Amino acid sequence: MALTGPSLWSFSTFMLVLLTLSQLFTPSVADGYGMIGAGKWLYKPVCAHAYRRVIYKNRLTCDAKLPGDSATARLHRRATNPPECFLEDAAFLRTMALCLEKLCPHDNIPISVIEGYWESHLATGTIGDLALRPIMSYQEALIYAHQDIEEIGASNVPYAVVGEPLNMTSLVRDQDLVPYYNALTWSERVERDHGRNGVAIAVSSVFTPVLFSLLRFLPTHPLWYSRLVAILERPLAGHRHRSPIVADMGIMPTRGQTLYILYLVMTQIFLAIFPLAFSLPNYFAPTRMEQLLVLVGYQTGILAMANFVALFLFASRNNILFWITNWSRSTFLLLHRWIAYCLILQVSIHSSFQLVRHYEAHATESEEPFWIWGIVGTLAFVVLWPASILPIRKKVYEFFLIFHQVFAAISLVAAFFHIYKESKYNRGYEIWVYIGGAFWFLDRLLRLLRMVANGHPTAVVTPVDPDSEYLKVEIDGVVAHGHVYLYFPTLPWRFWQSHPFSVLSTFSGATMGGSTVAAAASIDDPEKMSPSGSGSDLSSGSSSSSSSVLGRPKTTILVRPMNGLTKALAARLGQRESLSIPVFVEGSYHANPSIRNLKSCSTLLCIVGGVGITAVVPILKSFEGVKARLAWGVRTDWLLRAVDDEIRDLVKRGVKVETRSSGDANERFKVGDLVKEELQSGDGGDLGVVVCGPTGMAGEVRMAIAEFGSKGKRGVVFVDEAFSW
């Protein structure tokens, strides 16, 4: 049985949660589970780690007895001590025991924690390994140390000198200890804050949209809520949302979208800087400036990886947040871009600060594998921005798609190896890469499952008009609703690429209220910001009333050739009467789940331009017994003829239908007057306004709702049926 609809969503959610939990709670070689600040720690207890840092470079005899013998002289010449020396050298073990007894009680460290450190960390340092146990316990070493003191006298106990041989029980001077103690305490706090800030960014970026959307669960839509939404739906500046601004460098967001973007950016900036913590003297970072470079440099790197969660989730076609929030795919793609801007800036700051900090040692540091992978990741992220700006997406959309996907994959791989080569799995930050990669992988897996569920049909392409301004694509044997992504493997050489198209009906020869269902329409090239089809839980073109008689499954789509794939499809058709071509169908999807909010409306006004009719007819059919009005502007009578049966069916259902030609300026709809008229009517209940058409028309409707809806006596539910990148 194929996975479709809710089953797919449930499957994807379960898999993502399972994978995330498995990564957060899977044991690894580091202390604790998860990541630093969320289950793992670096230096526990700090007092023990600090003392070991002071003396671990002292040359040891590796002798379980004191004093050393001839072997001692040979080992003294070793540059470093092998791990087994820390487990069996008497001088090291007894010196460590004395130091732990002296300092750790001041930090209120329980004996059990000290003994746990002793059993697993003496040979390794930061990372515990229970397989490497010393030859004596902490208590035994402490007894031997006190015996040594009694033999030579407390006043004669020597002090260990950093870097010098350690061949007898010794003490550590406070001035030698403090820089290490401060450094480890500071580092533990800083790393903890980095990890927690990363978790805060990941969680807040994903769940803030959920919180914002909870207001829709009010039993009814209060008038104040409707007026607030009308204000927030206005463009931030100007009169058009979804229209390119500033030389095509971006899309004008609404005021509501701007609030979230502002929250997102301010949160990213704040958590990239705070909390600030300084500690001197400090052998890790001897000056405040160097500590600032460490704080902000590392913090921006962690935040960049934490942003993988929202970055890949928001770009997913199978984004579970569509259903939780009712936000449209276009909104999530807008937020995806802004999170990407933050991530690119954070990666750039991280790399720049690390370069400044290690500038003097750059010649050697730059040869390290972690540094090389860091450069690869930084460059991959940075070049993604100029290759993804709107002019590039509009002119060479197929190039943008493949470039974007390839370099996003390179960025993920580089981020993983950058972390692994520097600290392996010790800090847990690779979990962000796992989660981001999981979203990417599962999204494509679900795409494949949707495609497999629809088999491998053949599409029949025919011209709607003599000039082939519109094409009809019929796919026999496929049932779909909302919108689908079509792959034409034999059309372009980029057989893996797909484009979205809206679906009006999926049964041919069906009768609904006495008319024949035989039409649907398309989403034009996404880069042209054209209307998209969308379904809802209310109905779809494939649904029927109790008196309907369904025919055989056949998905019909109307395409207006623009650029890219649709242009290639029209060229392949040429002057022929029809074209049969293999196709893969990925779907069904819902571009704008907010259509479900229309269920509370008592009146429906649909304002449509061109092929936008395809997204609106299924919505109108779902409003049985509700006052509905359709205002449709068209460019050619051929389009009217293509959907004539659907329009007749709507009229029989009681929908008031008005059509006008957009070629005559005097005949165009004054959409502001339409909205005002419906708002001022005496009908009770909320007014649902659906617009699906060119950006200019959609902008006029949006501004009319903002003007009249914010002070009207009826609540307004506004749905802008659009699909844009």
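Residues numbered from 1 in each chain as written. Predicted model: local features only at pLDDT ≥ 70, side-chain atom pairs only at ≥ 80, totals over all residues. Heavy atoms only, no water.

### A look at the layout of surface pockets
And step 1. Approximately 1,300 Å³ is the volume attributed to the largest pocket.
And step 2. Lining of the largest pocket is provided by 49 residues; of these, Tyr298, His350, Gln354, Phe370 and Glu422 occupy positions nearest its centre.
And step 3. Counting residues per element, the ones that place at least two in the lining of the largest pocket are α8 (174-212), α11 (288-306), α14 (329-357), α16 (369-384) and α18 (397-423).
And step 4. Looking at the lining of the largest pocket element by element, the count peaks at nine residues for α16.
And step 5. Broken down by class, the residue content of the lining of the largest pocket amounts to 26 nonpolar, 17 polar and six charged. (1 Å grid on protein atoms, 1.4 Å probe; cavity = no way out; pocket = protein on both sides within 12 Å on 5 of 7 lines; lining within 4 Å. Points joined across faces, edges and corners; volume = space filled by probe spheres on them. Helix = DSSP H or I, 4+ residues; strand = E, 2+ residues; numbered from the N terminus. Nonpolar A, V, L, I, M, F, W, Y, C, P; charged D, E, K, R; others polar.)

### Overview of helix α21 (residues 613-621)
And step 1. Of all nine residues making up α21, nine are buried, and the element is well covered by its neighbours.
And step 2. Residues of α21 that are buried: Ile613, Thr614, Ala615, Val616, Val617, Pro618, Ile619, Leu620 and Lys621. (Buried < 20%, exposed > 50% of the residue type's maximum accessible area, 1.4 Å probe, protein only.)

### Topic: the side chain of serine 316
And step 1. Tracing the chain through its elements places serine 316 in the loop between α12 (308-314) and α13 (321-325).
And step 2. Polar contacts involving the side chain of serine 316 include one to the side chain of aspartate 443, which spans 2.8 Å.
And step 3. Not counting chain neighbours up to four residues away, the residues in contact with serine 316 comprise Phe322, Arg329 and Asp443. (Polar contact = N/O pair within 3.5 Å; in protein donor to acceptor, adjacent residues only side chain to side chain. Contact = heavy atoms within 4.5 Å.)

### Section: the state of the cysteines
And step 1. Summed over the entire model, instances satisfying the criterion amount to two disulfides.
And step 2. Bridging cysteine 47 to cysteine 104, the disulfide has an S-S length of 2.0 Å. In this structure the cystine formed by cysteine 47 and cysteine 104 twists about its S-S bond by roughly 100 degrees; its chirality is therefore right-handed. One end of the pair, cysteine 47, is in helix α2 (residues 46-55); the other, cysteine 104, is in the loop between α5 (90-103) and α6 (111-120), and 57 residues separate them in sequence. (Disulfide = S-S within 2.5 Å.)

### Digging into the pairing of strand β15 (residues 601-609)
And step 1. Most of β15 sits out of view: eight of its nine residues are buried.
And step 2. Here β15 runs beside strand β16 (residues 627-634); their pairing, made up of seven bridges, is parallel. Within β16, the position partnered with threonine 603 by the bridge is lysine 627.
And step 3. Handedness of the β15-α21-β16 crossover: right-handed. (Pairing = 2+ DSSP bridges. Right-handed = clockwise from strand over helix to strand, strands pointing away.)

### Observations regarding the packing of aromatic side chains
And step 1. Across all of its chains, the model carries 25 aromatic pairs by this definition.
And step 2. Where phenylalanine 308 meets phenylalanine 312, the ring centres are 6.1 Å apart and the plane angle is 80 degrees; that geometry is what we call edge-to-face. Of this pair, phenylalanine 308 and phenylalanine 312 both sit in helix α12, separated by four residues, roughly a single helical turn. With respect to class, phenylalanine 308 is no different from phenylalanine 312; both count as buried.
And step 3. Through a chain of ring-to-ring contacts, three or more aromatic side chains come together here, namely Phe212, Tyr260, Tyr263, Phe314, Phe322, Trp327 and Phe332.
And step 4. For the cation-ring pair, arginine 52 lies above phenylalanine 86, with the distance from its terminal atom to the ring centre recorded as 4.6 Å.
And step 5. One residue, arginine 641, lies across the ring of tryptophan 638, its end atom 4.8 Å from the ring centre. (Phe/Tyr/Trp six-rings, centres within 6.5 Å; stacked < 30°, edge-to-face > 60°. Lys NZ or Arg CZ within 6 Å of the ring centre and 35° of its normal.)

Keep in mind these numbers describe shape, not what the thing actually does.
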